[in-house]
Amino acid sequence: MRKKCLACHSVRGTGGRIGPDLAAALASKGVVGIAAAMLNHYPRMIAALSGRAPLLPRIGPGETDDLLAFLAFVNFQPQSGSPEKGRELFHQKGCGRCHGLGGESPAVAPPLGPGHEVESPTRLAREMWNHGTRLAEEMVMRRVPWSRFAPGEMVDLLAFLGPARPPRGGSERALPGDPGRGRRLFAAAGCGRCHLPPPAGNAAGPDLSQAGWYRTVTEVAAAMWNHGPPVSARMRARGMALPRFERKDVADLIAYLYLMRGAVSRGSAGRGATVAREKHCLSCHAGSGPGPRLDASEAIRTPAHFAAAMWNHGPGMQAYLARAGLGWPALSARDVADLVAFFGAQRRGK
């Protein structure tokens, strides 16, 4: 808000309309991917703002850390759905066969609806996971097919099942996830055995360190429901107990996944040298050009700091590239990580 990002960009529909909605545009990107996106859209942003706005604000390295953290976790917050569509889904998916509305429960599963609200996506994911095995057996007995949720449907179901009033500050919905605790839970529950590539796991399921199969917390809840019966069967076949999650566990796990997903934790200095050459970084930043020597810069220590430096000197960089007949370099998340590793190695070698 202070840097006026919302003058051009919206977040979940709130804000400007010049640029894309950041919650949608940056979903499924890790911190390094967001840093790359921030750099790549600079020329388009300047063109879109021509004659409309004052000079762009400078962003300090610490501010970039906070900004990227916010953008990486913006989809962790609950979304708005349609209660009317959620009511239709409740009946279409056969939820009412076991869960009554209000006090009209068939006594097979806890009642849902007024007075029995599901107040958050993480609670919904937890309840679906914990009761998935028993529910699967009950549904087979009652000849109720296991329903899968398509993207967007869980948001509407949650809007129907959720509280009519905003939750109080102590509610589960208001609790943030703790990624450090989530990392320990991920290891203790054995999630990595199936959801990490070798040598850490066996890649039997989606690679949660890189996967883009989920975008928001409600879609994580849908994915946990959709793959509940098959994962339960596989774990029983291997003699593994299905982990049971307590009140805040799922929020912590998802917070950890939000940090882990799409992130490039370590770049390659060797690949970074190739990127620096191919993207013409060294024509300006190797000592003979007009830019500072990046191999001696203390500011380029992390991808966030790299993004801040490029953002702040964007006008000068754009003018130099135009004079040299060069285009603005498009960088992938891997490119950013590799460049940071390359310039870091150069700096340490001096």
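Structural data are supplied above this passage.
Residues numbered from 1 in each chain as written. Predicted model: local features only at pLDDT ≥ 70, side-chain atom pairs only at ≥ 80, totals over all residues. Heavy atoms only, no water.

Visitor: Explain the packing of helix H2 (residues 31-40) against helix H17 (residues 333-349) here, please?
Guide: What describes two packed helices is the angle between their axes and the distance between those same axes. Two elements in contact, H2 and H17, have axes whose closest approach is 8 Å; the angle formed by their N-to-C orientations is 100 degrees. The orientation of H2 with respect to H17, classified from their angle, is roughly perpendicular. Judged by residue contacts, Val32, Gly33, Ala36 and Leu39 of H2 engage Ala333, Val336 and Ala337 from H17. Residue classes in the contact of H2 with H17 are distributed as six nonpolar, one polar and no charged. (Axes fitted to C-alpha atoms, helices over the stretch in contact; angles between N-to-C directions. Helix = DSSP H or I, 4+ residues; strand = E, 2+ residues; numbered from the N terminus. Parallel < 35°, antiparallel > 145°, perpendicular 65-115°, else oblique. Contact = heavy atoms within 4.5 Å. Nonpolar A, V, L, I, M, F, W, Y, C, P; charged D, E, K, R; others polar.)

Visitor: Explain H17 here, please?
Guide: Given 3.6 residues per turn, any residue in an α-helix points the same way as the ones three and four places further on. With 17 residues, H17 extends 25 Å between its outermost C-alpha atoms, agreeing within 8% with the 24 Å of an ideal straight helix rising 1.5 Å per residue. A large share of H17 lies buried, amounting to 12 of its 17 residues. Turning to H17, its buried residues number three or more, namely Ala333, Asp335, Val336, Ala337, Asp338, Leu339, Val340, Ala341, Phe342, Phe343, Gly344 and Arg347. Contacts from the buried residues of H17 go to H2, helix H13 (269-278), helix H14 (282-285) and helix H15 (303-312). (Expected span 1.5 Å × (residues − 1). Buried < 20%, exposed > 50% of the residue type's maximum accessible area, 1.4 Å probe, protein only.)

Visitor: Would you mind going over the nonpolar core with me for this structure?
Guide: Soluble globular proteins: nonpolar side chains tend toward being buried together. Judged by nonpolar contacts, the single largest core of 42 residues is most densely connected at Leu39, Phe306, Leu331, Val336 and Leu339. Looking at which element gives the most residues to this core, the answer is H17, with seven residues. Apart from residues lying up to four places away in sequence, leucine 331 is in contact with Ala36, Leu39, Asn40, Val275, Lys279, Phe306, Met310, Val336 and Leu339. Residues Cys95, Met154, Met240 and Ile254 belong to the second largest nonpolar core, which totals 39 residues. (Core = buried A, V, L, I, M, F, W, Y, C linked by side-chain atoms within 4.5 Å.)

Visitor: Sorry, what's going on with the environment of alanine 37 here?
Guide: One can find alanine 37 in helix H2. Since its relative accessible area comes to 24%, alanine 37 is described here as partly exposed. Expressed as a C-alpha distance, the spacing of alanine 37 and alanine 307, which sit 270 residues apart in the sequence, is 9.5 Å.

Visitor: Help me understand the environment of lysine 248 in this model?
Guide: Along the chain, lysine 248 falls in the loop between helix H11 (228-237) and helix H12 (249-260). Given the relative accessible area of 27%, lysine 248 is considered partly exposed. For lysine 248 and aspartate 178, which are 70 residues apart along the polypeptide, the C-alpha to C-alpha distance reads 9.0 Å.

Visitor: Explain the pattern of salt bridges to me, please; I cannot follow it from the model alone.
Guide: When charged atoms on two side chains of opposite charge get close, those side chains can pair. Applying the stated criterion across every chain, the model contains seven salt bridges. With a closest N to O distance of 2.8 Å, aspartate 249 and arginine 181 form a salt bridge. Pair noted here: aspartate 249 is in helix H12 and arginine 181 is in helix H8 (residues 179-188), with a separation of 68 residues, a long-range link. Residue classification places arginine 181 among the partly exposed positions, given a relative accessible area of 32%. Measuring nitrogen to oxygen at the nearest pair gives 2.7 Å for the salt bridge that ties aspartate 252 to lysine 248. The exposure class assigned to aspartate 252 is buried, which follows from its relative accessible area of 0%. Because the salt bridges share partners, they merge into one network encompassing Arg181, Lys248, Asp249 and Asp252. (Salt bridge = Lys/Arg side-chain N within 4 Å of Asp/Glu carboxyl O.)

Visitor: Quick question: what am I supposed to make of the side chain of aspartate 338 here?
Guide: Relative to the elements of secondary structure, aspartate 338 occurs in helix H17. Since its relative accessible area comes to 1%, aspartate 338 is described here as buried. Beyond its immediate sequence surroundings of up to four residues, aspartate 338 is in contact with Gly267, Ser268, Ala269, Arg271 and Gly272.

Visitor: Looking at this structure, I do not really get the packing of aromatic side chains. What am I missing?
Guide: Aromatic ring pairs: the centre-centre distance and the angle between the two ring planes describe each pair. Taken as a whole and assessed by the stated rule, the structure comprises eight aromatic pairs. By the ring-pair criterion, three or more aromatic residues cluster together here, those being Tyr42, Trp311 and Trp328. We note lysine 93 situated over the ring of phenylalanine 149; from NZ or CZ to the ring centre the distance is 5.2 Å. (Phe/Tyr/Trp six-rings, centres within 6.5 Å; stacked < 30°, edge-to-face > 60°. Lys NZ or Arg CZ within 6 Å of the ring centre and 35° of its normal.)

Visitor: Would you mind showing me how to read the packing of helix H7 (residues 153-161) against helix H10 (residues 217-226) here?
Guide: At a minimum axis separation of 8 Å, H7 and H10 run at an interaxial angle of 100 degrees. Here H7 is positioned roughly perpendicular relative to H10, judged by the angle of their axes. Between H7 and H10, the residues in contact are Met154, Val155 and Leu158 and Thr218, Ala221 and Ala222, respectively. A per-class count over the contact of H7 with H10 returns five nonpolar, one polar and no charged.

Visitor: What am I meant to see in the state of the cysteines here?
Guide: Structurally, a disulfide amounts to a covalent bond that connects the sulfur atoms of two cysteines. Summed over the entire model, instances satisfying the criterion amount to zero disulfides. Free cysteine cysteine 8: the closest other cysteine sulfur is in cysteine 5, separated by 8.7 Å. Accessibility expressed as a relative area gives 15% for cysteine 8, which makes it buried. With no disulfide of its own, cysteine 191 has cysteine 194 as its nearest cysteine by sulfur position, at a separation of 9.1 Å. Using a relative accessible area of 18% as the deciding quantity, one classes cysteine 191 as buried. (Disulfide = S-S within 2.5 Å.)

Visitor: Before we go on, may I ask you to explain H12 in this structure?
Guide: The end-to-end C-alpha distance of H12, which contains 12 residues, comes to 16 Å, matching closely the 16 Å that a straight helix rising 1.5 Å per residue would cover. With 11 of 12 residues buried, H12 is to be regarded as a mostly interior element. Looking at H12, one finds that the buried residues are Asp249, Val250, Ala251, Asp252, Leu253, Ile254, Ala255, Tyr256, Leu257, Tyr258 and Met260.

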